[in-house]
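The lines below spell out each chain.
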Amino acid sequence: AELGISRAAVWKKITSQKKKGFIIEAAPSKGYRLISFPDLSEEYIRSAVKGDFWKDIFVYDRVNSTNQLAMFLAAKDDLLTSIVIIADSQEKGKGRLGRSWISPPGRNIYMSIAFKPGLDTRDATMLTLLTSVACAHAIKKISGLQVSIKWPNDLILSGKKLGGIL
């Protein structure tokens, strides 16, 4: 009542979230309790992102390629804002030099980001190096795991490729 939301509106939102994979427990006369949430919930990701740089975040179960979709959306919108595409799987993922990238569901995070960095074209290659260092640093900060970089674009953990930056 204090928030000006009807019980029906709350129930409708809870039902909507359950359909998206959230596990929510109802306690009569007490309310609702969030038990768990899907790993790739667009709402959860948005709530965790600080600042307003990443305005357009799209989460999909499956795409042909996050990179292709990001490029398509960037060209379509003339990239007026930053775009983040996240998918649970890709059907036609590609690595560096057009190599095939196997992208099974439920195993990894497949993500592409498109934005205008305001750099000269000759300096744009530095973004790969900067992104590799930033990702390794973020993983260590969050998990405590020591991630190394196989220059210029691979993140390595325990001798195995953890990720790649295109």
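Criteria and thresholds
Residues numbered from 1 in each chain as written. Predicted model: local features only at pLDDT ≥ 70, side-chain atom pairs only at ≥ 80, totals over all residues. Heavy atoms only, no water. Helix = DSSP H or I, 4+ residues; strand = E, 2+ residues; numbered from the N terminus. Rg over C-alpha atoms; globule rule 2.2 N^0.38 Å. Buried < 20%, exposed > 50% of the residue type's maximum accessible area, 1.4 Å probe, protein only. Contact = heavy atoms within 4.5 Å. Areas by Shrake-Rupley, 256 points an atom, 1.4 Å probe, with all protein chains shown as cover. Lys, Arg positive; Asp, Glu negative; His and termini not counted. Charge placed at Lys NZ, Arg CZ, Asp CG, Glu CD. Core = buried A, V, L, I, M, F, W, Y, C linked by side-chain atoms within 4.5 Å.

Draft legend 1. Structural context of the overall build of the protein. Regarding its fold elements, the protein presents four helices and eight strands. For the protein, the N- to C-terminal ordering of α and β elements is α-β-β-α-β-α-β-β-α-β-β-β. On C-alpha atoms alone, the protein measures out to a radius of gyration of 19 Å, which is more than a quarter above the 15 Å that the 2.2 N^0.38 rule sets for 166 residues. Counting only C-alpha atoms, the protein reaches 60 × 40 × 30 Å along its principal axes. Going through the 166 residues of the protein one by one, you find that 24% of them count as buried. The contacts in the protein between residues at least 6 apart in sequence include a share of 42% that link residues at least 24 apart. With the model as given, the accessible surface of the protein reaches about 12200 Å², and the carbon-plus-sulfur share is 58%. Once the 25 positive and 15 negative side-chain charges of the protein are each reduced to a mean point, those two points are 5 Å apart.

Draft legend 2. Up close: the nonpolar core. Of all hydrophobic cores here, the largest spans six residues; its members are Ala70, Leu73, Ala74, Ile83, Ile85 and Ala114. The set of elements that each furnish at least two residues to this core consists of α3 (66–76) and β4 (83–90). Top contributing element to this core by residue count: α3, with three residues. Ile45, Ile57, Val84 and Ile86 belong to the second-largest nonpolar core, a separate cluster that totals five residues.

Taken by themselves, the reported measurements are silent on function.
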